[in-house]
Amino acid sequence: MFEQINGGVCAAKGFKAAGVHAGVKKNSNPDKNDLALILSEKECTAAATYTLNRVKAAPVYVTMEHLENGVAWGVVVNSGNANACCPMSHENATAMAQAAAKLTGHNAEDFAVASTGVIGQTINIAAIEAALPAAADKLERSEAASDSAARAIMTTDTVKKEVAYSCEIGGKTVTVGGIAKGSGMIHPNMGTMLCFITTDCAITHEMLEDALRDIVTKSFNRVTVDGDTSTNDTCVVLANGMAGNELIEWKNEDYDKFYEMLSALCKTMAKMIAADGEGASRLLTCVVKNARSEECAERLAKAVVGSSLVKAAMFGADANWGRIICAMGYSKAPFRPEYVDIGFASVAGEILVCEQGAAVAFDEELAKKILTQSEITIDINVNEGEDSAECWGCDLTYDYVKINGDYRT
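Reading guide: rules and limits
Residues numbered from 1 in each chain as written. Predicted model: local features only at pLDDT ≥ 70, side-chain atom pairs only at ≥ 80, totals over all residues. Heavy atoms only, no water. Helix = DSSP H or I, 4+ residues; strand = E, 2+ residues; numbered from the N terminus. Buried < 20%, exposed > 50% of the residue type's maximum accessible area, 1.4 Å probe, protein only. Contact = heavy atoms within 4.5 Å. Areas by Shrake-Rupley, 256 points an atom, 1.4 Å probe, with all protein chains shown as cover. Pairing = 2+ DSSP bridges. Axes fitted to C-alpha atoms, helices over the stretch in contact; angles between N-to-C directions. Parallel < 35°, antiparallel > 145°, perpendicular 65-115°, else oblique. Left-handed = near helix turned anticlockwise from the far one by under 90°. Nonpolar A, V, L, I, M, F, W, Y, C, P; charged D, E, K, R; others polar.

A.B. asks: Before we go on, may I ask you to explain the overall build of the protein in this structure?
C.D. replies: When helices and strands are counted, the protein shows eleven helices and 15 strands. When each of the 409 residues of the protein is scored for burial, the buried share is 57%. In the protein, of all internal contacts separated by at least 6 residues, the share reaching a separation of at least 24 is 81%. When the accessible surface of the protein is split by element, carbon and sulfur atoms take 47% of a total near 16500 Å².

In structure tokens, the structure reads:
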């Protein structure tokens, strides 16, 4: 139905990007990009989701204001400082938009603004304003440009998160591409981490917003790394209509195709984020099936991948299924423990470790082999209904504490 292609946020027609080093963080690596700019050749329909944390960073509020009319031209974003809970935060977030607007011939309200990094320290706005002209000069539509922007938004990330897909809608090739960042301070009670999506699809604001909000709940909101919801989480999607497809105004076959493609992109990046959790060595996928409802299945799966004890057991390749059923028990989701089957799977094979809520004899050596792989699936069958859900997380390693013990300094 759709295919994965290269190009990230520059894959869709009419979108350019750039990433540069501004030196937002004191004594930062001069070879590390920390300022990104994304710009469309045409005005875009825009939609976004935001953190559900009661403490929101200034860029979140500024972006909410700027996208209230449902249109935008671009995004300006920095890493190295969250611009949250600090003096002049709102003024500096606005200044970022104003500087980007001045350099590109637009208004400040035409830009979404985002920041990521340390909370509580005043952002070095002078460094950003000084570096933005270089970013504007480097704007281009290329794989390298998307790569430079993707790397500019990384903080403790060890790999960039970037993907793009294309498919035919109404006889036209429509493309969607995105970049994201996320490694720590990630928990499902959110809009998302930082994610910027571009598409050349012609679609109304209402349809774009409906699609994004529903997809985020089933992708980014099903990721947990450490149980902490950030102050800066933002997901923005820009649609400039340059693919030339007939405008999607209602939920028809064209909408369904676009929805599936956008959903695939968001789920792919959600799994990238989970796999790159701070200090992680394993990607965990928890699949809960035959639940009473999708909501029930999601609650159960989130509790399992969010459990510190489960995560620690996966780090140790320990088939300790008791921790899994325990996490299910405090999830507040309805289920009958005596119906539950639990198994593990990876490229090394699969194994059943619990049946009807009780232990079964299993090969410990095979279980160990399965759980030492880089991607592990925790399979749970609650045997009570027809609905399912899957959530993603990672193991808990010694490195997580090392990374976060001195993150600020």
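The structure having been displayed, the exposition proceeds.
A.B. asks: What is the right way to read the sheet that holds strand E15 (residues 387-394) from this model?
C.D. replies: Whenever strands of a sheet pair, they do so through backbone hydrogen bonds, lying parallel or antiparallel. Taken together, the six strands give an open sheet; going across it, the order is E13-E12-E11-E14-E10-E15, and neighbouring strands pair in mixed fashion. Unpaired on one side and paired on the other, strand E13 (358-359) and E15 mark the two borders of the sheet. In terms of strand pairing, strand E11 (residues 341-346) meets strand E12 (residues 349-355) through five bridges, oriented antiparallel. The residue bridging Ala 345 from the neighbouring strand is Glu 350, located in E12. In the packing of helix H6 (residues 253-275) onto the sheet, contacts are made with strand E10 (283-291) and E15, and the angle to E15 comes to roughly 40°. Sheet contacts for helix H7 (residues 294-306): E10, strand E14 (375-381) and E15; angle to E15, the most-contacted strand, approximately 20°.

A.B. asks: What's the story with the packing of H7 against helix H9 (residues 321-329) in this structure? I'm lost.
C.D. replies: For any two helices packed against each other, one specifies the crossing angle of their axes together with the interaxial distance. H9 packs onto H7 with a crossing angle of 130° between their chain directions and a minimal axis gap of 8 Å. In terms of orientation, H7 lies oblique with respect to H9. Seen along the crossing, H7 lies across H9 with a hand that is right-handed. Mapping the contact onto sequence places Leu 300, Ala 303 and Val 304 in H7 and Ile 324, Ala 327 and Met 328 in H9. Residues belonging to the contact of H7 with H9 are distributed by class as follows: six nonpolar, no polar and no charged.

A.B. asks: Even after reading the chapter, I still don't get the environment of Thr 204, so can you show me in this structure?
C.D. replies: Within the element layout of this structure, Thr 204 appears in the loop between strand E8 (194-199) and helix H5 (205-217). When its relative accessible area of 15% is taken as the criterion, Thr 204 is described as buried. Ignoring anything within four residues of it in the chain, the contact list for Thr 204 reads Thr 45, Leu 247, Ile 248 and Glu 249.

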